[in-house]
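Listed here are the chains, written in short residue letters.
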Amino acid sequence: MSMNAVIVGADRLGNIPGLLKEHNIEIRQHISGRDSAHQKKTYQLPSGTQMVILLTDFLGHNVMRSFRSAAQRAGVPVVACRRSLGSMQQALTLCGYGGCERCPKRQGVAH
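Bear in mind the structure is a predicted one, so any value in this text is a computation, not a measurement. For every chain, the first residue of the written sequence is number 1, and numbering continues from 1 along that sequence. In keeping with the model being predicted, local features are shown solely for residues with a pLDDT of at least 70 and side-chain atom pairs are shown and tallied solely at 80 or more, while totals for entire chains, interfaces and linings include all residues. The basis for every side-chain value is the complete set of heavy atoms in the structure, and neither hydrogens nor water enter the calculation.

(A) Region of interest: the nonpolar core. Counting residues in each nonpolar core, the largest one holds 18 residues, and the members touching the most others are Leu20, Met51, Ile53, Leu55 and Met88. Counting residues per element, the ones that place at least two in this core are β1 (3–8), α1 (16–22), β3 (51–55), β4 (78–81) and α4 (85–94). Only heavy atoms enter the contact rule, under which two residues are in contact if any of them lie within 4.5 Å. If we skip the residues at most four places from it in the chain, Ile53 touches Ala5, Val6, Ile7, Val8, Leu20, Val79 and Met88. Within this scheme, the nonpolar core is defined by two criteria: the residues are buried Ala, Val, Leu, Ile, Met, Phe, Trp, Tyr or Cys, and they are joined through side-chain atoms within 4.5 Å. Between buried and exposed lies partly exposed: a residue is buried under 20% and exposed over 50% of the maximum accessible area for its type, with that area taken using a 1.4 Å probe on protein chains only. By size, the runner-up hydrophobic cluster in this structure holds 14 residues, among which are Val6, Leu54, Leu59 and Ala71. Put simply, DSSP H or I for four residues or longer makes a helix, DSSP E for two residues or longer makes a strand, and each gets a number counted from the N terminus.

What follows is the structure in structure tokens.
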């Protein structure tokens, strides 16, 4: 069963969707955070959102604060990291979404 995530930050996600898919995380919505309305208004997360991922190297503090507050109101976890595969992998692992034991690339490999 996959989790639904809202990703905030960056214009392009590069290889991040593939990494998230390996961890059974589906991107429900991607928001660049460039829109000035994201800095000022109280944002409501889409229904069914189970996680918010903030790409911190592409977001201003006000946008991060807005989406952290929205996640807190909705009771969903927030994962914050830079927009790189290594940073995303590390953040997912630290937040308990590592999934290494389920990863098909690691099957048959001694841990």
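Here the narrative resumes.
(B) Region of interest: α4. Turning to α4, its buried residues are Ser87, Met88, Ala91 and Leu92. All buried residues of α4 lie within an arc of 130 degrees about the axis, which places them on one face of the element. Among the exposed residues of α4, those pointing more than 90 degrees away from its buried face are Gly86, Gln90 and Leu94. Contacts made by the buried residues of α4 are with α1, β2 (25–31), β3 and β4. After α4 finishes, the residue Gly96 shows a positive phi value of roughly 90 degrees. The reported arc concerns the directions from the helix axis to the C-beta atoms and nothing else.

(C) Spotlight on the confidence of the model for the protein. A score between 0 and 100, pLDDT records how confident the predictor is in each residue. A residue-level look at the protein finds 83% of positions with pLDDT of 70 or above and a mean pLDDT of 84. Within the model, pLDDT remains below 50 along residues 102–111, and this stretch shows 7 contacts once partners closer than five positions in the same chain are excluded.

(D) Representation of the pattern of salt bridges in the model. Basic side-chain nitrogens of Lys or Arg form a salt bridge, by our definition, when they fall within 4 Å of a carboxyl oxygen of Asp or Glu. All chains considered together, the criterion is met by 1 salt bridge. One salt bridge connects Arg34 with Asp11, and the closest N-O pair in it is separated by 2.8 Å. Residue Arg34 is located in the loop between β2 and α2 (37–40), and its partner Asp11 is located in the loop between β1 and α1; the two are separated by 23 residues in the primary sequence. Given a relative accessible area of 62%, Arg34 falls into the exposed group.

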